[in-house]
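Here is how the chains run, residue by residue.
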Amino acid sequence: MKSLTDNFGYALKNIREPMGYSQEEVFHGIISRTAWNKYENGELTPDMLMFQVLLERLGVADERFEFIIPDALHKFYVWYLNCFDYAEKRNWEKLLVERERFDSLTKVNAGIYYQYRDFIDYIINRRVNNNYEKAYFYIKKAIDYTIKDVDKVVKQRKRLSVFEWHLITNLYDIEYELFADKKERITDKLYKFYKYADRSIEDGFVKHKIVPRLGLNLLRNDRESFDIGERLELEGDILKMLTKFFCIRELPEILKLLIEDEPAFGKKNIYKKQREAVESVFAMAGVSVGFMTEIHITNVKKYIVLSDVLRLRRKEAGLSVESVIADICDVKTYSRAELGKSYPKKTILKNIAERLNLRWLYFKGEIESAEYEDFMLMSECRRLASLREYEKLYKEKEKLKQRLDMRIPLNIQAVEGLEIYTEEISDEEKIKRLWEIFSYTGENSENSIYTREEIEILSNIARFIGIKETYKGIEMLERLFEDVSNKKSVFNVRMSIISKDLAWLYKNVKKLEKSYNLALNEIKAIIIENIADLILNLLDYISTIEEELGNIEEAKKICRDMFYIAELYEKYEDSVMVKEYYEREFDGNVKWY
């Protein structure tokens, strides 16, 4: 059976054709038809950045795959995320310094690199220099690298990456500022983009990164073109999409608009309470509530870095450099690759991977399948698990199980990992089952590089161990935290599950300061990265700590915030538990709405 793992051409073709996209709808503005055909036929291999852009144009969410990337691309991602971090904090001085580092980066794909650079220059000119004309020049220049005619995108059904959609959103946002006399025309164009994105992007994990921001741009800049009924419908759709996928960054802004437009006092009051709760969490984390169209992290990938993979896999296998490279390449070529100073040629890298017995070399999904629909189904199962909708999860999991080849270890791991949620077994049995599930793909050693799924399994094992043997669970999580954080591919999507469980165990053994700081840092990270699925757990830890320290008013406030946030995300089991706890421990006569 063919699979998408490490198979560039098959992945591109096997995702594109079932979706019904023409080749030109996908490759426009980036590569030629000849190059695309060679990519799909396996005659050429795209660089990793190009491949990721093409996957996004095909509507593939970042969450679906994990990548092994060159050190040069990792450094570029770190540069770009640093720029965004400084912009988010309004630290313009550091942003200007970071911008100057761009020229020192090795360019994996010059055109796409320059597109990101020019977008940063757009932010600098708009927010630092207040030079809107120059900012407009840079946003148009950034777009032109990959989109040759913006006006033809909708008509010709062009596919765009998440970042390209972000550029489009910013283009029209600044046009509203520069061309106030053309507001109706701008709104007409932007609304067409909004409707096109809403109907053409099928994967919800991609759509929620694009459609809400297009809609917010419309509603913030031109409220007059829509009557109150149309505005409420737009605002309701946006809020529903954001909460379904646990977004948080845009919530204060969309709730503000709903408060302005909602005529019913009851609903308006609910929105007010929910907005106050979200703003309170932002303030606690030291993150500005102010909405900036420019600030939107669009490319937090799941990846590990090739130099880490080579070095640690060689050590894990107990091999010397000489035994790895025998009959393949010289010492200098391999050493530079292991140090991250260069990227080996394809044939050399393939031979090295075989000698090191690497399971994958370029990219893989959390399941092994030739059908992209299966990846979407897997993500839906994860979403249902996070909501504790176990009946629906069981049905979707069984559907997934019927579709997958269950002889493949990765698929066994994925499905049995979901079954843990629906099985009524003891904690001891869960630990035993989780170790078995982990063993299908992973090895627990100091030189292992774990996938995100393996990290999650190990963290869950430590959490269950910690229920009875708290310090043993803490020790395991601390080792895992240190091990993962020592790799180059450190970012919150790989660390969040460890941080949550470690904060919980620290709290249980009264290491309150450690627990509080870890939970607070994690809340800040999930706001910035806009993935808030763990926020209630973290707020619960902080509230409990405040209560134990005698800070009752602060504990009460956080507890109330938790109630409104749980209601906002429709996590009603959580909101009921919070409500009952608050009324039992703090105030039985509280009026919630």
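The shown structure was predicted, so the numbers you read here are calculated from the model rather than taken from an experiment.

(A) Spotlight on the overall build of the protein chain. Along the backbone of the protein chain there are 30 helices and three strands. The C-alpha atoms of the protein chain give 25 Å as radius of gyration, which agrees with the globular expectation for 593 residues (25 Å, within 12%). Here the C-alpha coordinates of the protein chain stretch approximately 75 × 65 × 50 Å along the principal axes. Expressed as a percentage of the 593 residues in the protein chain, the buried residues total 59%. Accessible surface, the protein chain as shown: approximately 25,400 Å² in total, 47% of it carbon and sulfur. Of the side chains in the protein chain, 97 bear a positive and 105 a negative charge, and the two mean positions are spaced by 3 Å.

(B) Expanded view of the side chain of Asn460. Position of Asn460 relative to the elements: it lies in helix α24 (residues 452-468). A relative accessible area of 13% places Asn460 in the buried class. If sequence neighbours within four positions are ignored, Asn460 has contacts with Leu434 and Asp501.

(C) Up close: helix α25 (residues 470-485). Compared with the 22 Å implied by 1.5 Å per residue over 16 residues, the 22 Å span of α25 between its first and last C-alpha is a close match. Taken as a whole, α25 has its buried residues at Thr470, Gly473, Ile474, Met476, Leu477, Leu480, Asp483 and Val484.

(D) Layout of helix α19 (residues 346-355). Listed in full, the buried residues belonging to α19 are Ile348, Leu349, Ile352 and Ala353. The buried residues of α19 occupy an angular sector of 135° when projected down its axis, which confines them to one face. Exposed side chains of α19 directed beyond 90 degrees from the buried face belong to Thr347 and Glu354. Of the residues flanking the end of α19, it is Asn357, one or two places downstream, whose phi is positive at about 55°.

(E) Quick look at the pattern of salt bridges. Evaluated as defined, the whole model comprises 59 salt bridges. Salt-bridge contacts for Arg126 lead to Asp173; the nearest nitrogen and oxygen are separated by 2.9 Å. With Arg126 in helix α7 (residues 110-128) and Asp173 in helix α9 (residues 162-178), the pair connects residues that are 47 residues apart, well separated along the chain. In this structure Arg126 comes out as buried when scored by relative accessible area, which is 3%. Note that Arg403 and Glu373 form a salt bridge whose closest N and O atoms lie 3.7 Å from each other. Placement of Arg403 in helix α21 (residues 390-403) and of Glu373 in helix α20 (residues 372-386) is noted, with a sequence separation of 30 residues between them.

(F) The arrangement of unusual backbone geometry in detail. The phi dihedral of Phe246 is positive, around 55°, even though this residue is not glycine. Assignment of secondary structure puts Phe246 in the loop between α13 (228-244) and α14 (251-261). Exposure remark for Phe246: the relative accessible area of 6% places this residue in the buried category.

(G) Expanded view of the packing of α24 against α25. Two elements in contact, α24 and α25, have axes whose closest approach is 6 Å; the angle formed by their N-to-C orientations is 160°. By the angle between their axes, α24 is roughly antiparallel relative to α25. You can see that α24 and α25 cross each other, and the crossing is left-handed. Here α24 contributes Ile455, Leu458, Ser459, Ile461, Ala462, Ile465, Gly466 and Lys468 to the contact with α25, which in turn contributes Thr470, Lys472, Gly473, Met476, Leu477, Leu480 and Val484. Looking at side-chain class alone, the contact of α24 with α25 contains nine nonpolar, four polar and two charged residues.

(H) Summary view of the nonpolar core. Formed by 206 residues in total, the largest nonpolar core has its most connected members in Leu251 and Ile254. When near neighbours in sequence (up to four residues on either side) are disregarded, Leu251 contacts Leu239, Leu242, Thr243, Val278, Leu568 and Tyr569.

(I) Structural context of the pairing of strand β2 (residues 302-305). Burial of the side chains of β2 extends over both faces: Lys302 and Ile304 are buried on one face and Tyr303 and Val305 on the other. Across four bridges, strand β1 (residues 65-69) lies against β2 in parallel orientation. The residue of β2 that forms the bridge with Phe67 is Tyr303.

(J) Fine view of the packing of aromatic side chains. Scanning the entire structure with this criterion turns up 42 aromatic pairs. Summarising the aromatic geometry, the rings of Phe205 and Phe245 are spaced 5.1 Å apart at their centres and angled 70° between planes, so their arrangement reads as edge-to-face. Of the two residues, Phe205 is situated in helix α11 (residues 204-207) and Phe245 in the loop between α13 and α14; the sequence distance between them amounts to 40 residues. Judged by relative accessible area, Phe205 falls into the buried class, the value being 18%. Classification of Phe245 as buried rests on a relative accessible area of 13%. Here the aromatic rings of Phe563 and Tyr593 are separated by 6.0 Å at their centres, their planes lie at 50°, and the arrangement is tilted. Linking Phe563 in helix α29 (residues 552-568) with Tyr593 in the segment after α30 (572-585), this pair joins segments that are 30 residues apart in sequence. For Phe563, a relative accessible area of 4% translates into the label buried. Over the face of the ring belonging to Trp360 we find Lys364, whose NZ or CZ atom lies 5.7 Å from the ring centre. When the ring centre of Phe464 is taken as origin, the NZ or CZ atom of Arg463, which lies over that ring, is 4.8 Å away.

(K) Layout of the environment of Ile68. On the secondary structure map, Ile68 appears in strand β1. Judged by its relative accessible area of 2%, Ile68 is buried. When the C-alpha atoms of Ile68 and Phe363 are compared, they prove to be 6.1 Å apart, with 295 residues separating the residues in sequence. Residues within four places of Ile68 in sequence aside, it is in contact with Met48, Ile304, Val305, Leu306, Val309, Trp360, Leu361 and Tyr362.

The rules behind these values
- Residues numbered from 1 in each chain as written.
- Predicted model: local features only at pLDDT ≥ 70, side-chain atom pairs only at ≥ 80, totals over all residues.
- Heavy atoms only, no water.
- Helix = DSSP H or I, 4+ residues; strand = E, 2+ residues; numbered from the N terminus.
- Rg over C-alpha atoms; globule rule 2.2 N^0.38 Å.
- Buried < 20%, exposed > 50% of the residue type's maximum accessible area, 1.4 Å probe, protein only.
- Areas by Shrake-Rupley, 256 points an atom, 1.4 Å probe, with all protein chains shown as cover.
- Lys, Arg positive; Asp, Glu negative; His and termini not counted.
- Charge placed at Lys NZ, Arg CZ, Asp CG, Glu CD.
- Contact = heavy atoms within 4.5 Å.
- Expected span 1.5 Å × (residues − 1).
- Arc of directions from axis to C-beta.
- Salt bridge = Lys/Arg side-chain N within 4 Å of Asp/Glu carboxyl O.
- Axes fitted to C-alpha atoms, helices over the stretch in contact; angles between N-to-C directions.
- Parallel < 35°, antiparallel > 145°, perpendicular 65-115°, else oblique.
- Left-handed = near helix turned anticlockwise from the far one by under 90°.
- Nonpolar A, V, L, I, M, F, W, Y, C, P; charged D, E, K, R; others polar.
- Core = buried A, V, L, I, M, F, W, Y, C linked by side-chain atoms within 4.5 Å.
- Pairing = 2+ DSSP bridges.
- Phe/Tyr/Trp six-rings, centres within 6.5 Å; stacked < 30°, edge-to-face > 60°.
- Lys NZ or Arg CZ within 6 Å of the ring centre and 35° of its normal.

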